Amino acid sequence: MNDCLFCSIANGEKTNLVWHNDVAAAFNDIHPKSPVHVLIVPKRHVVNLDDLDDPELAADMIMAIRTVADQLGVTGAYRLQVNNGKAAGQIVGHLHFHLRAGESKSPIDSL
Ligand code: 5GP
Ligand code: ZN
């Protein structure tokens, strides 16, 4: 086991997980910025999208996002964000999709 935080969470205690399957896991962000703020990650260590070279895993991640959204009841009403690389604000060096929902108005509307 490496010392990656999200490898540990994704492959650790299932009680910490909102959802998981063989290849992906979802858990609540520790500092939620929306009423629903879940992180969806591959169980395998992948640094970011630049490091994602397996098309099957890429497809699995998109399907995982859709499944988590459905389970949370936010299908058709969520936003996704990937901070890809330190220069873009990526703090944790394990690929994660921020799935956020539950706000009356998207912050994107005010950009
Ligand atoms: P980034 O800026 O890398 O895209 O976002 C990392 C996210 O991981 C942040 O939203 C932060 O709140 C979340 N985070 C950091 N440490 C932990 C942790 O130990 N547990 C959980 N559940 N989330 C974390
Ligand atoms: Zn990792």
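You'll find the structure just up there.
Residues numbered from 1 in each chain as written. Chains lettered and ligands numbered in written order. Predicted model: local features only at pLDDT ≥ 70, side-chain atom pairs only at ≥ 80, totals over all residues. Heavy atoms only, no water.

Undergrad: Describe the nonpolar core, and please don't skip the residues or the numbers.
TA: Formed by 18 residues in total, the largest nonpolar core has its most connected members in W19, A26, I40, M61, V68, F97 and L99. Taken together, the elements giving at least two residues each to this core come down to β2 (24–28), β3 (36–42), α2 (55–72) and β5 (97–101). Among the elements that make up this core, the one with the highest residue count is α2 (6 residues). Apart from the residues within four sequence positions on either side, L99 is in contact with V36, H37, V38, I40, I65, V68, A69, V74, Y78, R79 and L80. Core analysis: the next-biggest nonpolar cluster, separate from the first, contains 9 residues, C4, F27, L39 and V41 among them. (Core = buried A, V, L, I, M, F, W, Y, C linked by side-chain atoms within 4.5 Å. Buried < 20%, exposed > 50% of the residue type's maximum accessible area, 1.4 Å probe, protein only. Helix = DSSP H or I, 4+ residues; strand = E, 2+ residues; numbered from the N terminus. Contact = heavy atoms within 4.5 Å.)

Undergrad: Account for the side chain of S34, naming residues and giving values.
TA: Tracing the backbone shows S34 in the loop between β2 and β3. A distance of 2.7 Å separates polar atoms of two side chains, one belonging to S34 and the other to R100. Leave out the neighbours within four places in its chain, and S34 touches R79, R100, A101 and E103. (Polar contact = N/O pair within 3.5 Å; in protein donor to acceptor, adjacent residues only side chain to side chain.)

Undergrad: Account for the coordination of the zinc ion (ligand 2), with residues named and values stated.
TA: On the protein side, the zinc ion (ligand 2) has C4 (SG), C7 (SG), H45 (ND1) and H94 (ND1) as donor atoms, found 2.0 to 2.3 Å from it. Given 4 donor atoms and angles of 103 to 117 degrees at the metal, the environment of the zinc ion (ligand 2) is assigned as tetrahedral. One chain supplies every donor for the zinc ion (ligand 2), spaced along it as C-x2-C-x37-H-x48-H. Here H45 lies in the loop between β3 and α2 and C4 lies in the segment before α1 (5–10), a separation of 41 residues in the sequence. Since its relative accessible area comes to 10%, C4 is described here as buried. H45 sits in the partly exposed class, given a relative accessible area of 34%. (Donors = N, O, S within 2.8 Å, 3.2 Å for Na, K, Ca; no water. Tetrahedral: all angles 85-135°; square planar, octahedral: opposite > 155°, others 65-115°.)

Undergrad: Report on the pattern of salt bridges, specifying residues and quantitative values.
TA: Where charged atoms from two side chains of opposite charge approach closely, those side chains can pair. Across all of its chains, the model carries 3 salt bridges by this definition. Close ionic contact of D54 with R44 constitutes a salt bridge, the shortest N to O distance being 3.1 Å. Separated by 10 residues along the polypeptide, D54 in the loop between β3 and α2 and R44 in the loop between β3 and α2 bring together distant segments of the chain. Owing to a relative accessible area of 23%, D54 belongs among the partly exposed residues under this scheme. Among the salt bridges present, the one from R79 reaches E103, with a minimum N-O distance of 3.1 Å. One end of the pair, R79, is in strand β4 (residues 78–81); the other, E103, is in the segment after β5, with 24 residues separating them in the sequence. What makes E103 partly exposed here is its relative accessible area of 30%. (Salt bridge = Lys/Arg side-chain N within 4 Å of Asp/Glu carboxyl O.)

The values are spatial; any link to function lies outside them.
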